[in-house]
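Reading the structure
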Amino acid sequence: MKKFVCLITTICTFFTCSCSYSNQSHLIKVNLNEVAHSVFYTPLYVAIEQGYFKEEGIDLSLVTGFGSDKTMTALLSDDADIAFMGPETTIYAYNSGANDQIINFAQLTQRAGNFLISRSNINDFSWADLKGKTVIGGRKGGMPEMVFEYILKQNGLDPSTDLTILQNIDFGSTAAAFSGGQGDFSVEFEPSATILETQNAGYVVASLGVDSGFIPYTAFSAKSSYLEKHPEIIQSLTNALQKGMTYVNTHTAEETAKLIAPQFKEIDLETLTKIITRYSEQNTWNTDLVFEKESYDLLLDVLQESGELSQRPPYDTLINTTFAEKAMEE
């Protein structure tokens, strides 16, 4: 009897292992290149930590490109299947005559994710307060700088004459430059904004995300040929991202922070929670991933105001909402 039981146990163990191996072997490898690794993209990391991509049959390989130009290069050279970056890059590609169009199929953030930092706490800040001041900005043609200049113009300021914008400081070094004494103000992403406040080295006086309006700051994109060849992969990926978005909208900042903490080991849990709270309170993330035409038109306006737009590509040419709309139904 004991031998029989042992035999049954061995058989069951064999089939269990075989099934587990089989399930793992059916995961489809997808290479995703992200423009940066930031709390700003929380729903993506929720989907990773919750195992939503694996639930959808995807073995996701995440690589950080450190710049939309580098992320786009990875996509064009087939080092990446999917790119996660500012959709303005896809517009640049279109206007430069790309043969295999880069299509945006899921929008993750609907506001800019940076903040204006002041050396003193200004309770009644007005953008007019920047007149005659020096501000640490971003690189020319990049979304952070273009959104900043768009806001200035909307508030009656000329970026080239009414203030001095420093654009020669590397993206990752702006907070250190500000705390070291450069500039009267600085435009900072998280976690730099919160860390500067924690160190009493600066104060958040305005949100570029709030003052610029709803703008498609980052989106997932792929070559049109890849979408045509692998629609099921795109759909599965979008489904996983939608689950991540839903989680963020139905859980507290504390719960979300604890979940994605392994993605940001350099940030303590309290600071991480503060950042997610700040982003949530300004509606950084929508409830879905649909890239709306109204947001696209605002993006074109920002590019046009900055002088970076040679022509306005039609919405339907660069945007596909089919996958995001279907993901909402899952």
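Parameters and conventions
Counting restarts for each chain, with residues numbered from 1 along the sequence as it is written. Only residues with pLDDT of at least 70 get local features here, since the model is predicted, and only at 80 or more are side-chain atom pairs given and counted; chain-wide, interface and lining totals rely on the full set of residues. Neither water nor hydrogens contribute to the side-chain values; these are computed over all heavy atoms in the structure. Comment: elements are numbered from the N terminus, with helices defined as DSSP H or I runs of at least four residues and strands as E runs of at least two. Radius of gyration: over C-alpha atoms. The globule rule applied is 2.2 Å multiplied by the number of residues raised to the 0.38 power. Relative accessibility under 20% of the residue-type maximum defines a buried residue, over 50% an exposed one, and the middle range a partly exposed one, all with a 1.4 Å probe and only protein chains included. Note on definitions: a residue-residue contact is assigned when non-hydrogen atoms from the two residues lie within 4.5 Å. What sets the accessible areas is the Shrake-Rupley method with a 1.4 Å probe; for residues, cover comes only from the shown protein chains. Note that the arc is defined by the directions from the helix axis to the C-beta atoms. Each patch is built from residues that are more than 30% exposed by relative accessible area and take part in no salt bridge. Like charges join if they lie within 9 Å; nonpolar side chains (Val, Leu, Ile, Met, Phe, Trp, Tyr) join within 5 Å. Between Lys or Arg on one side and Asp or Glu on the other, a salt bridge is scored when a side-chain nitrogen of the former is within 4 Å of a carboxyl oxygen of the latter. Positive charges come from Lys and Arg alone, negative charges from Asp and Glu alone, with His and the N- and C-terminal ends not counted. Taken as the charge location is NZ of Lys, CZ of Arg, CG of Asp or CD of Glu. Centres within 6.5 Å make a pair out of two Phe, Tyr or Trp rings, where for Trp the six-membered ring is used; the pair is then stacked when the planes are under 30 degrees apart, edge-to-face when over 60, and tilted otherwise. Polar contact criterion, stated in full: a pair of N or O atoms within 3.5 Å, where within protein one must be able to donate a hydrogen and the other to accept it, and residues adjacent in sequence count only if both atoms are side-chain atoms. Residue types Ala, Val, Leu, Ile, Met, Phe, Trp, Tyr and Cys, when buried and joined through side-chain atoms within 4.5 Å, form a set referred to as a nonpolar core. What pLDDT reports is the predictor's confidence in each residue, on a scale of 0 through 100. Helix span, as expected, comes to 1.5 Å for every residue beyond the first. For two strands to be treated as a pair, DSSP must find at least two bridges joining them. What counts as an axis is a line fitted to C-alpha atoms, over the stretch in contact for a helix, and the angles between N-to-C directions run from 0 to 180 degrees.

Details of the overall build of the chain
Scanning the chain from terminus to terminus reveals 16 helices and 10 strands. Taking 20 Å as the expected radius of gyration for a compact globule of 330 residues, we find that the chain reaches 22 Å, a close match to that expectation. For the chain, the spread of C-alpha atoms along the three principal axes comes to 90 × 45 × 30 Å. Here the chain holds 330 residues, and 52% of them are scored as buried. Contacts in the chain between residues far apart in sequence, at least 24 positions, make up 80% of those at least 6 positions apart. Accessible surface for the chain amounts to roughly 15400 Å². Of this, 50% is attributable to carbon and sulfur atoms.

What to know about helix H12 (residues 253–260)
Given 3.6 residues per helical turn, the α-helix brings residues three or four places apart onto the same face. Those residues of H12 that fall on the buried side of the exposure criterion are Ala253, Thr256, Ala257, Leu259 and Ile260. Taken around the axis of H12, the buried residues stretch over an arc of 160°, which confines them to a single face. Elements that come into contact with the buried residues of H12 comprise helix H2 (42–49), helix H11 (231–250) and helix H13 (269–281).

Observations concerning a negative patch on the surface
The grouping of Glu292, Glu294, Glu325, Glu329 and Glu330 at the surface amounts to a negative patch. Take Glu294: it is sitting in helix H14 (residues 293–306).

Some thoughts on the packing of aromatic side chains
Throughout the structure, instances matching the rule amount to 17 aromatic pairs. Here Phe291 and Tyr296 contribute two aromatic rings whose centre-to-centre distance is 6.3 Å and whose plane-to-plane angle is 65°, an arrangement assigned as edge-to-face. For the pair shown, Phe291 and Tyr296 are each scored as buried. Among the aromatic residues, those joined into a ring-pair cluster are Phe40, Tyr41, Phe84, Phe115, Phe171, Phe189, Tyr217, Phe220, Tyr279 and Trp285.

So, the side chain of Thr273
Its place among the elements puts Thr273 in helix H13. Among the residues examined, Thr273 registers a relative accessible area of 13% and is labelled buried. Only 2.8 Å separates the side chain of Thr273 from the backbone oxygen of Leu269, close enough to count as a polar contact. The residues contacting Thr273, other than those within four sequence positions of it, are Ala253, Glu254 and Ala257.

Focus on the nonpolar core
Ile82, Phe105, Leu116, Trp127, Leu130, Phe148 and Phe220 are the most contacted members of the largest nonpolar core, which has 101 residues in total. The biggest single contributor to this core is H11, with eight residues. Setting aside chain neighbours within four positions, we find Phe105 in contact with Ile82, Phe220, Ser221, Ala222, Leu227, Ile234, Leu237, Thr238, Asn320, Phe323 and Ala324.

A short note on the pattern of salt bridges
Any two side chains of opposite charge can pair, so long as their charged atoms come close to each other. All told, the structure shown has 10 salt bridges when counted by the stated rule. For Lys243, the salt bridge is made with Glu55, and the minimal N-O distance between the two is 3.1 Å. Residue Lys243 is found in helix H11, and its partner Glu55 is found in helix H3 (residues 52–55); the two are separated by 188 residues along the sequence. The exposure class of Lys243 is partly exposed, given its relative accessible area of 27%. When the shortest N-O distance is used, the salt bridge between Lys243 and Glu56 registers 3.0 Å. Here Glu56 lies in the loop between H3 and strand S2 (58–64) and Lys243 lies in helix H11, a separation of 187 residues in the sequence.

Overview of the confidence of the model for the chain
Keep in mind that low pLDDT regions are not for reading the predicted coordinates in detail. On average, residues of the chain score 91 in pLDDT, and 92% of them reach the 70 mark or higher. A low-confidence stretch, residues 1–23 (pLDDT under 50), is modelled with zero contacts involving residues beyond four sequence positions or located in other chains.

Some remarks on helix H6 (residues 143–154)
For H6, spanning 12 residues, the distance from its first C-alpha to its last is 16 Å, which sits close to the expected 16 Å at 1.5 Å a residue. Extensive coverage of H6 is indicated by the burial of nine of its 12 residues. Met143, Glu145, Met146, Val147, Phe148, Glu149, Tyr150, Ile151 and Leu152 are the residues of H6 that are buried. Those residues of H6 that are buried lie in contact with helix H5 (88–95), strand S6 (134–136), strand S7 (164–166), strand S8 (185–189), helix H9 (208–212) and H14. Positioned one or two residues after H6, Gly156 has a phi angle of 80°, which is positive.

Considerations on the sheet that holds strand S4 (residues 102–109)
With respect to topology, five strands assemble into an open sheet ordered S2-S1-S3-S10-S4, the strand pairing being mixed. Looking at the sheet topology across the chains shown, the edges are occupied by S2 and S4. Across this sheet, the average inter-strand angle for adjacent strands is 25°, counted without regard to direction. Across three bridges, the pairing between strand S1 (residues 28–34) and strand S3 (residues 82–85) is parallel. Across the sheet, the residue bridging to Leu32 is Ile82, located in S3. Strands S1, S3, S4 and strand S10 (218–223) of the sheet are contacted by helix H4 (residues 68–76), whose axis makes an angle of about 170° with S3.

Observations concerning the sheet that holds strand S9 (residues 203–207)
Read from one edge of the open sheet, five strands run S7-S6-S8-S5-S9, paired in mixed fashion. The sheet is open, and its two borders are formed by S7 and S9, each paired with just one other strand. On average, each strand axis in the sheet is inclined to that of its neighbour by 30°, with strand direction left out of account. Of the pairings in the sheet, the one linking strand S5 (residues 114–118) to S8 comprises five bridges and is antiparallel in character.

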